[in-house]
Amino acid sequence: PVVLGIESSCDETGAGIVQDGKLLAHVVASSMDEHARFGGVVPEIASRAHLQAFTPVVRQAMTEAGLRLGQIDAVAVTTGPGLSGALQVGLAGAKSLAYAAGVPLYGVHHLAGHVAADTLEHGPLPRPCVVLIVSGGHTSLLLVRDLVREPILHLGDTLDDAAGECFDKVARILGLPYPGGPAIDRAARAGDPDAVAFPRPLTKSGDDPYAFSFSGLKTAAARWVEQHRQRGTEPPVADGAAALQEAVADVLTRKALRACRDHDVQTLIVVGGVAANSRVRALAEQRCRAAGIELRVPPMTLCTDNGAMIAAVGDLLVRSGAEPAPLDVSIDPSAPLEYAALTPSAVPV
Ligand code: ATP
Ligand code: MG
Ligand code: FE
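Thresholds applied
- Residues numbered from 1 in each chain as written.
- Chains lettered and ligands numbered in written order.
- Predicted model: local features only at pLDDT ≥ 70, side-chain atom pairs only at ≥ 80, totals over all residues.
- Helix = DSSP H or I, 4+ residues; strand = E, 2+ residues; numbered from the N terminus.
- Buried ≥ 20, exposed ≤ 12 C-beta atoms within 10 Å, placed from the backbone.
- Contact = placed C-beta atoms within 7 Å.
- UniProt positions renumbered as here; feature names shortened; annotations may be inferred.
- Pairing = 2+ DSSP bridges.
- Axes fitted to C-alpha atoms, helices over the stretch in contact; angles between N-to-C directions.
- Core = buried A, V, L, I, M, F, W, Y, C linked by C-beta atoms within 7 Å.
- Near = placed C-beta within 6 Å.
- Nonpolar A, V, L, I, M, F, W, Y, C, P; charged D, E, K, R; others polar.

1. Looking at the environment of A188
Assignment of secondary structure puts A188 in helix α7 (residues 180-188). Owing to 23 C-beta atoms within 10 Å, A188 belongs among the buried residues under this scheme. With 148 residues separating them along the chain, A188 and G40 place their C-alpha atoms 22 Å apart. Ignoring anything within four residues of it in the chain, the contact list for A188 reads A238, A241, A242, Q245 and R279.

2. Considering the UniProt feature "binding site: Fe cation" (unreviewed entry) in the chain
Mapped onto the present numbering, the UniProt feature "binding site: Fe cation" (unreviewed entry) falls at H110, H114 and D305. A maximum C-alpha distance of 8.7 Å among these annotated residues, which run over 196 residues, shows that they cluster at one spot. Residue H110 is classed as buried on the basis of its 27 C-beta neighbours within 10 Å. Residues contacting H110, with those up to four places away along its chain left out, are S9, T78, G80, P81 and G82. Residue position: H114 is located in helix α4 (residues 110-117). H114 has contacts with I133, S135, V271, G272 and M309, leaving out every residue within four places of it along the chain.

3. Remarks on the sheet that holds strand β9 (residues 267-271)
Paired through their backbone hydrogen bonds, the strands of a sheet run either parallel or antiparallel. Within the open sheet, the five strands sit side by side as β8-β7-β6-β9-β10. Their pairing is mixed. Each end of this open sheet is capped by a strand with a single partner; those strands are β8 (153-157) and β10 (294-296). Strand after strand, the sheet turns through a mean of 20° between neighbouring axes, direction not considered. The sheet contact formed by strand β6 (residues 129-134) and β9 spans four bridges and is parallel. Looking across to β9, one finds that L132 is bridged to V270. In the packing of helix α9 (residues 237-262) onto the sheet, the strands contacted are β6, β7 (139-144), β8 and β9, and the crossing angle to β6 comes to about 160°. Most of the contacts of helix α10 (residues 278-291) go to β10, to which it runs at about 160°, and overall it touches β9 and β10.

4. Remarks on the nonpolar core
Within the largest apolar cluster, 123 residues are counted, with the highest numbers of intra-cluster contacts made by V75 and V313. If you tally residues by element for this core, the top one is α9, at 13 residues. Excluding residues that lie within four positions of it along the chain, V313 makes contacts with A76, V108, A112, G113, A116, V148 and A340.

5. Thoughts on the UniProt feature "domain: Gcp-like" (unreviewed entry) in the chain
Per the UniProt record, "domain: Gcp-like" (unreviewed entry) is annotated on residues 22-311. End-to-end, the C-alpha atoms of residues 22-311 are 10 Å apart, and along that stretch the chain is 49% helix and 16% strand.

6. Considerations on the site of ligand 1
Around ligand 1 there are 23 residues in total, and G136, G137, G164, G181 and G273 lie nearest to it. Looking at the shell around ligand 1, the elements that each hand over two or more residues are α6 (163-173) and α7. Considering each element in turn, the shell around ligand 1 owes the most residues, four residues, to α7. Of the residues contributing to the shell around ligand 1, the split by class is six nonpolar, 14 polar and three charged.

Printed below as a string of C-alpha cells:
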C-alpha cells in the first residue's frame, strides 16, 4: 500500500510517503528557530506553525513522490504522545485528507514511529530486538517482538529527565545555543571527555539495570560551572560538553547492551533525536562490535521527528490487516507505549 504519514507532536511538521516499506517522500518543516529565544518549545507557537506548514509540507511530499491524493491508500497520523494543540492540528489535517481521499485513517504512537524509522533504511525489524529510544521527551529501553501485532515490553525508562532534555539543559548551563544536543555535540569535538568526572547514574550493582536518571548530571554540570566561577575562571566549555556527552553515551550504551545480553537478543536499534549524537553512535558501535551484537541506527534525518516514520508504521498496520481508526478518533497527549496503533480496535482481530 501507499501510505501518507503525518507527524505534528512537537515542533516539527512532517509528511512522509511509504510504499511497502520503501520511502517515497520525506518532508519536514521545523518551527525550532521560533522557539530558540524562549529556550524551549512554546506550545502555542508550535500549534500555529503546524497550521501554517501543514498544507505546503503535504503538497511537497506528494510532489516528491510524484503522486496525487487519489493514489494514496491510507493516511497515518501521530495521535500521541505530544503537545495537545500540536497533535490536534496534525490529526485534523490527516482526517480531512483521509476523508477527501476516501481512504482509512490510522492513529500511530509517536514512539512506535521512532522505532519504525529504522525499517526505512535497514529493512524489517528482526524479532525480537532491543530498542533504545532516546529523544527530547523519552529515554526508554524496549523489547520489541512484532511492532504492530504484539504489545511492546518496557524494560526501563528514565526516572526523571530524558537524555535529550539533559543535553538541552546542560547546554543552557554551559551557555551554548538552543537546541542543546547538536550544540554540545559540536562543542565536544574540541574537548577532553576525561577532563571532568561526571557521575554515571544508576550503574552501581543493586541499581535497576534498565532505569535511567539524568537530572543528577544537570546538577553536576551546574556545580562544575559554579566552582570555576568562584575561582574567577571561565569553565572550559568544550571539556564540559565532551565529558557530559561521554557520561550520557556511556550510561545509555552500557544499559542497552545489558538488555540485549539479559534477553538473549542479537540486534540493538537506537532511535530518536539523541541517536544523532556522534559519541552515542560511536560508543554503541564499539560496544556492539565487542559483544557480537548487530547495531542499527537510522540516518540522522530519520532520527528526529518526521512523517516518514509515521507512514512506516501505517504501512505495517495496513499490511498486517489492522482495523483503521474511526474518523472521530481523538488525540492522546500522554499515551503509554504498549501498541504501535493508538486506537483500541487497531490490534488485528
Ligand atoms: P519525543 O520524541 O520524545 O516526543 P522530541 O520530539 O523533542 O521528543 P526528537 O525530535 O526525537 O525529540 O529529538 C530532539 C532531541 O534530540 C533534543 O533534545 C535534541 O537536543 C536532541 N538531539 C538532536 N541532535 C542531537 C545530537 N547531535 N546530540 C545530542 N542530542 C541531540
Ligand atoms: Mg523535535
Ligand atoms: Fe520524537
